[in-house]
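Fold and geometry: a report
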Amino acid sequence: MSNLVIILAIFGWAILTYLAFKINKTLGNVFVGVLALALPAYFFTYTPSDYTVSVMGMSLQFGFTSFASLFAMLVVVLSSFALLYSIPYMNKKDRLGWFYMNFMFSVGGMMGILMSKDLVSLFIFWEIMTWSSYLIVIYQGKKVNKVGLKYMIFSAIGAYAMLMAIVLINKWSGNVNIEQFFASFPNYSSAAKLLSSLLLLTGFGVKSALMPLHVWAPGAYTKSPMSYTAVFSGALSKMGIYGMALVAVNLYVHSNMPIMGEVIAWAGAITAVLATFWAIFQNDIRKLLAYSSIGQLGYIAVGLGIGTELSVFAGLYLAILHGLFKGVLWMVVGAIEHRTGKTDFRDISGLIKKMPFTFFVALVAIIALAGMPPLSGFVGKWMLYESMITSNHFIMVLFIFLSSTAAFLYCFHFLYGLFLGQQEDEFLKDVKEVPVLMMIPMGLISLSLIAFGTFPGLIFKPIAQAMSTLGFENVTWRMSSLTNAWGNSMFLKPANFMFMAVFVFFLIIITVVNHKKTKKVGTKDIANGGEPIRDEDNLHYSVDIYRPFYRVISPIMKYKVETFYKRISKGIEEFFQFFRRIYSGNGQTYALYVVIFLTALLILSSTIF
């Protein structure tokens, strides 16, 4: 069966699912569950054949490369789990048929992008992915229209940039085949190289939320239903990374344009630092994760921009891991919202006893995000640091180390603020663990994070195969001193077990030994300089938790990219307001315009014609 037929089957199933929900909610959920199970079953068991379509003299080709297969694996796994998770999470929501149809269209769009071997079909599926995700961003009503408009404006900027690049590439190369474009790129003039690659990077940079093209992401990730945001942040953003990798490595590294790779790497480093700082000061859980996602994508851009074999390997490893642990964390936020109806740190605390399973999967994902052994995030960050050092990017190491260290602050805020703080019995009395169908996806993805940290070879092999598409032949797992830990120079399993033993020891101390000594009091049972505490006084731990730190870095945080865009939009608005005065609605005025135009045409006729 050809790749194109599979994509069309997903789109067709999306429409059938919409119709099924029109008939009955249970029938619609069955259709959702069938796709969630069938998609990975097909992907991991069946090898589709390549397919070529001729349209208007252009040859459109569809087929998986080893590089595209790596990202497709992430899309399939995360989308399937998110669809299963959605069934109980979205159960009480309205317009479910509309939601799932667009969900499935976005999945089909992502798979179409990865199957496309030409720029035209890639662009078509890119637009399908963009429009369907936009319709989900605005799914929750009028309150999100502004967020949706911002997302669509930036998506349009990226789309037009890509379209312009495709037109120019077709003019210069005579075709739109991606491989042939890469092969002919070294023969382009310097101006053509710079223009075509920058246009493509603009399109891919928007979806990967690379600064300064990131301003749409916090709102879009926050306002989408959490079951979809797990895919939005975890997989859809990787379509930008997928394209950026193709451009950064195939065009800049292999075409001797290292300065452009440096631009990408530094943009990623700055993105990582600033987005991490913004994540620290968020009171809404969703915004914290949104800025965290932007920062983590910055790490990946650093690896791809540096362009060495080790850095690209680290970037791809982090890309897959980011999709997994961010998928879990968005599902955790969805679980908390599902049971409490809240997403503000100041309204939630002490959930560990009410939602112990959700706490466990959140803990696993946070450890992976923080880059601590024995989980997989440690492996990825180690390789990224090593790649920066071995390529003499010592100042960049400081940026990434600052970002990575600062990330511990929001990781602590996330865990303590939601799960480990004082439990308010009155607020949490009806809160309980989420349904099993929500627990299964979170649990299985968390187990994969543990497995990839202990046995990274499980994911090293497909990454090594994928890098052949990027021009790195015979990639070996032994390129890093860390990966030799699974070879013959070091053996880190004792260190991993030691770390786990320390964790278990302190867990026992906190939960068992000190349990009888713990006195449970309310948040109002506190002395405050002799003054009584009023009911309206918010003494929650998360209120202004990092205010002193904010005062230190406020000179940096006061500069916002969004302010720059607002000034541009205001200038454009004033420009069109001026021209709007021309349309007065007065017929005599319009007649005068016609006379002026004809007079000018007569005067300039000899020059024009």
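Note that the structure is a prediction, hence the values are computed from the model and not measured.

**Thoughts on the overall build of the protein chain**
- Along its length, the protein chain carries 24 helices and two strands.
- Each of the 609 residues in the protein chain was classed as buried or not, and the buried ones make up 53%.
- Accessible area for the protein chain stands at about 27,800 Å²; split by element, carbon and sulfur atoms hold 66% of it.

**Focus on the pattern of salt bridges**
- One pass over the full model with this rule turns up one salt bridge.
- The closest approach of N and O atoms between Arg286 and Asp284, which form a salt bridge, is 3.1 Å.

**Thoughts on the environment of Phe62**
- Checked against the element boundaries, Phe62 lands in strand β2 (residues 58-62).
- Taking the C-alpha atoms as reference points, Phe62 and Leu122, separated by 60 residues in sequence, lie 9.5 Å from one another.

**Considerations on the side chain of Thr343**
- With respect to the helices and strands, Thr343 occurs in the loop between α13 (309-340) and α14 (356-370).
- Residue class for Thr343 comes out buried when judged on its relative accessible area of 10%.
- Looking at Thr343, its side chain comes within polar contact range of the side chain of Asp284, at 3.2 Å.
- Those residues in contact with Thr343, other than ones at most four positions away along the chain, are Asn283, Asp284, Ile285, Arg286, Glu337 and Ile348.

**A look at the nonpolar core**
- Counting residues in each nonpolar core, the largest one holds 203 residues, and the members touching the most others are Trp216, Leu316, Phe414 and Phe419.
- Take this core: its biggest share by element is 20 residues, from α13.
- The contact partners of Trp216, leaving out residues within four places of it in the chain, are Lys150, Tyr151, Phe154, Val206, Lys207, Ala209, Tyr221 and Phe232.

**Overview of the packing of aromatic side chains**
- All chains considered together, the criterion is met by 36 aromatic pairs.
- On the numbers, 5.2 Å between centres and 90° between planes, the contact of Trp266 with Phe399 is edge-to-face. Of the two residues, Trp266 is situated in helix α11 (residues 258-280) and Phe399 in helix α16 (residues 394-420); the sequence distance between them amounts to 133 residues.
- Grouped by ring-pair contacts, the aromatic residues Phe21, Phe99, Tyr100, Phe103, Tyr139, Tyr151, Trp216, Tyr221, Tyr228, Phe232 and Trp330 constitute a single cluster.
- Lys93 extends its terminal NZ or CZ atom over the ring of Tyr89, reaching a point 4.8 Å from the ring centre.

**So, helix α5 (residues 119-137)**
- With 19 residues, α5 extends 26 Å from end C-alpha to end C-alpha; this agrees with the ideal 27 Å at 1.5 Å per step.
- Of all 19 residues in α5, 14 are buried; the element is thus mostly enclosed.

**Digging into the packing of helix α3 (residues 66-89) against helix α19 (residues 457-466)**
- It is the contact of α3 with α19, at a shortest axis distance of 7 Å, that shows an interaxial angle of 140°. The angle between α3 and α19 places the two elements in the oblique class. Here Ser66, Phe67 and Leu70 of α3 lie close against α19, whose contacting residues are Pro462, Ile463, Gln465 and Ala466.
- Taken together, the residues of the contact of α3 with α19 break down into five nonpolar, two polar and no charged.

**Here's the deal with a nonpolar patch on the surface**
- Taken together, the side chains of Phe360, Val436, Leu437, Ile440, Leu444, Leu447 and Ile450 define a hydrophobic patch exposed on the protein surface, amounting to about 580 Å² of accessible area.
- By the secondary structure assignment, Ile450 is in helix α18 (residues 436-454).

**Here's the deal with the environment of Glu473**
- For Glu473, the position within the fold is in the loop between α19 and α20 (493-513).
- Under the relative-accessibility criterion, Glu473 is labelled exposed at 53%.
- Glu473 sits 164 residues away from Glu309 along the chain, and the two C-alpha atoms are 9.7 Å apart.
- Glu473 has contacts with Glu309 and Ser468, leaving out every residue within four places of it along the chain.

**Brief notes about unusual backbone geometry**
- A cis amide bond links Met211 to the next residue, Pro212, at an omega of 10°.
- Locating Pro212 in the fold gives a position in the loop between α8 (190-207) and α9 (217-223).
- Not every positive phi belongs to a glycine, and Ala209 is a case in point at roughly 55°.
- Along the chain, Ala209 turns up in the loop between α8 and α9.
- On the basis of relative accessibility, which here comes to 0%, the residue Ala209 falls in the buried class.
- Backbone geometry places Asn392, a non-glycine residue, at a positive phi of 65°.
- Inspection of the secondary structure assignment puts Asn392 in the loop between α15 (376-390) and α16.
- Note on Asn392: relative accessible area 57%, which makes it exposed.

**Focus on the packing of α3 against helix α4 (residues 96-115)**
- Their axes nearest at 9 Å, the elements α3 and α4 cross at an angle of 170°. Here α3 lies roughly antiparallel to α4, going by the angle between them. Seen from α3, the contacting residues are Ala68, Phe71, Ala72, Val75, Val76, Ser79, Ala82, Leu83, Ser86 and Ile87; seen from α4, they are Phe99, Tyr100, Phe103, Val107, Met110, Met111 and Leu114.
- Residue classes in the contact of α3 with α4 are distributed as 15 nonpolar, two polar and no charged.

**Points about the confidence of the model for the protein chain**
- When pLDDT is averaged along the protein chain, the result is 81; 82% of the residues meet or exceed 70.
- Of all helices and strands in the protein chain, the one with the weakest mean pLDDT is helix α24 (residues 605-608) (59), whereas α3 scores best (92).
- Across residues 485-491, where pLDDT falls below 50, the model places 13 contacts with residues more than four positions away in sequence or in other chains.

**Regarding the environment of Met239**
- Following the sequence through the fold, Met239 ends up in helix α10 (residues 226-253).
- In this structure Met239 comes out as buried when scored by relative accessible area, which is 0%.
- Placed 32 residues apart in sequence, Met239 and Lys207 show a C-alpha to C-alpha distance of 7.0 Å.
- Every residue in contact with Met239, bar those within four places of it in the chain, is listed here: Val75, Met110, Ile113, Leu114, Trp126, Met129 and Phe204.

**Re the side chain of Ser403**
- Here Ser403 lies in helix α16.
- Taking the relative accessible area as the measure of exposure, Ser403 reaches 0% and is therefore buried.
- With sequence-adjacent residues up to four places away left out, Ser403 is seen in contact with Ala272, Val273, Thr276 and Tyr299.

Cut-offs used in this document
- Residues numbered from 1 in each chain as written.
- Predicted model: local features only at pLDDT ≥ 70, side-chain atom pairs only at ≥ 80, totals over all residues.
- Heavy atoms only, no water.
- Helix = DSSP H or I, 4+ residues; strand = E, 2+ residues; numbered from the N terminus.
- Buried < 20%, exposed > 50% of the residue type's maximum accessible area, 1.4 Å probe, protein only.
- Areas by Shrake-Rupley, 256 points an atom, 1.4 Å probe, with all protein chains shown as cover.
- Salt bridge = Lys/Arg side-chain N within 4 Å of Asp/Glu carboxyl O.
- Polar contact = N/O pair within 3.5 Å; in protein donor to acceptor, adjacent residues only side chain to side chain.
- Contact = heavy atoms within 4.5 Å.
- Core = buried A, V, L, I, M, F, W, Y, C linked by side-chain atoms within 4.5 Å.
- Phe/Tyr/Trp six-rings, centres within 6.5 Å; stacked < 30°, edge-to-face > 60°.
- Lys NZ or Arg CZ within 6 Å of the ring centre and 35° of its normal.
- Expected span 1.5 Å × (residues − 1).
- Axes fitted to C-alpha atoms, helices over the stretch in contact; angles between N-to-C directions.
- Parallel < 35°, antiparallel > 145°, perpendicular 65-115°, else oblique.
- Nonpolar A, V, L, I, M, F, W, Y, C, P; charged D, E, K, R; others polar.
- Patch = residues over 30% accessible without salt bridge, like charges linked within 9 Å, V, L, I, M, F, W, Y side chains within 5 Å.
- pLDDT = per-residue confidence, 0-100.

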